[in-house]
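Topology and contacts: notes
The chain contents come next:
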Amino acid sequence: MCACNRSWRAAPSWAASRCGWRNKAAKNGAELRTDSPVLEDGLDALLDAEKPDHVVLATGSSVCVDGFQGWTAEPFDGWESGNCIGWDEVAQATSRATSVSFPGDVVVIDDMCDVVVPFTAVAMTGAGANSVTLLTRWPMVGMETILDVYLDWILPKLYESGVNMLCDRFVRRIEGDKLHIYNVHHEKDESVPNADWIVMATGRRSETGLLEPLKVRGVSTEAIGDALAPRSTYEAVYEGLRQARKL
Ligand SMILES: Cc1cc2nc3c(=O)[nH]c(=O)nc-3n(C[C@H](O)[C@H](O)[C@H](O)COP(=O)(O)OP(=O)(O)OC[C@H]3O[C@@H](n4cnc5c(N)ncnc54)[C@H](O)[C@@H]3O)c2cc1C
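Keep in mind that this is a model prediction, so the values were computed, not measured.

**Examining unusual backbone geometry**
A negative phi angle characterises most non-glycine residues, just as the trans form characterises most peptide bonds. The phi dihedral of D35 is positive, around 50°, even though this residue is not glycine. Within the secondary structure, D35 sits in the loop between α1 (11-27) and α2 (43-50). The exposure class of D35 is exposed, given its relative accessible area of 78%. Even without a glycine there, the phi angle at C113 is positive, about 65°. Note on placement: C113 falls in the loop between β4 (104-110) and α4 (116-125). Look at C113 and you get buried, because its relative accessible area is 2%.

**Points about the pairing of β4**
Counting buried residues in β4 gives seven out of seven residues, a clear majority hidden from the surface. Both β4 and strand β5 (residues 129-136) contribute to a ladder of seven bridges, which runs parallel. Bridge pairing in β5 places G104 opposite A129. Following the chain from β4 across α4 to the adjacent parallel β5, one finds a crossover that is right-handed. Note that β4 and strand β10 (residues 197-201) share five bridges and pair parallel. Note that in β10 the partner of V106 across the bridge is W197.

**Focus on the sheet that holds β10**
The strand order across the open sheet formed by five strands is β3-β10-β4-β5-β6, and the pairing between neighbours is parallel. The open sheet has two edge strands, β3 (84-86) and β6 (164-166), and neither has a second partner. Taken pair by pair, the neighbouring strands of this sheet meet at an average axis angle of 25°, ignoring direction. The strands that α4 touches are β4, β5 and β10; relative to β5, the one it contacts most, it runs at about 170°.

Calculation notes
Residues numbered from 1 in each chain as written. Predicted model: local features only at pLDDT ≥ 70, side-chain atom pairs only at ≥ 80, totals over all residues. Heavy atoms only, no water. Helix = DSSP H or I, 4+ residues; strand = E, 2+ residues; numbered from the N terminus. Buried < 20%, exposed > 50% of the residue type's maximum accessible area, 1.4 Å probe, protein only. Pairing = 2+ DSSP bridges. Right-handed = clockwise from strand over helix to strand, strands pointing away. Axes fitted to C-alpha atoms, helices over the stretch in contact; angles between N-to-C directions. Contact = heavy atoms within 4.5 Å.

Function cannot be inferred from these measures alone, as they are strictly geometric.
And the structure:
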């Protein structure tokens, strides 16, 4: 996943700069421990061992499978009745060594308008789908990618893989494998496409599971970055810096 505004093609230099940050952090006395999930169960032992004066919770956010998005600020009606998954599940499944199949008609619901959604749709065409529709309330797919020049790279892949692009449409409700949609500019224009899989590329929700357990234990704690509210790398870095300055 691209977590910064650098080009995907610049990934090796980004990896090198990540290495630079690690060195800088180490030089300034920070100890970095990776592959160490913190679970509520193990919290007491961790607090006993580390005895922190202050905890900064930077646990990020996760993809909303209920279709929560910025237009209605609500999940989609009836999402529990559908076979709804997040785009991240598709990305993880298709990168596994053993192939994962998503047979049937797939609708990828886009409220992000970025590079992730078109490639999720393309991945679904290669994962056994009967049909793949990319549905967006925006007037075009990948609108956010135009100025990054990604769109010229995305569109050929969408056309080549046969993804149907359905713009100006939003979800009214989900009823099992039926998706009730309408034209946002002409609400009487309704249709009910079949959707054996509904892939959500809509909103993200803060991961705050450790916040309350820390507060209950009386530990001074503040959430930053996406754990406070899903936004961009800049806010996460800025809020991290502010926490460091406060210490
Ligand atoms: C598809 C996509 C594209 C994006 N593109 C951009 C972009 O181009 N530019 C931009 O500025 N922003 C972009 N963002 C947003 C950006 O990635 C986030 O705002 C940023 O990563 C938030 O940083 P963070 O440190 O708060 O959380 P994260 O980067 O999500 O880091 C949280 C970390 O905490 C770990 N964690 C969670 N729970 C636990 C636990 N219990 N124990 C231990 N570790 C835990 C997670 O594994 C993760 O490594 C994008 C986001 C997405 C999803």
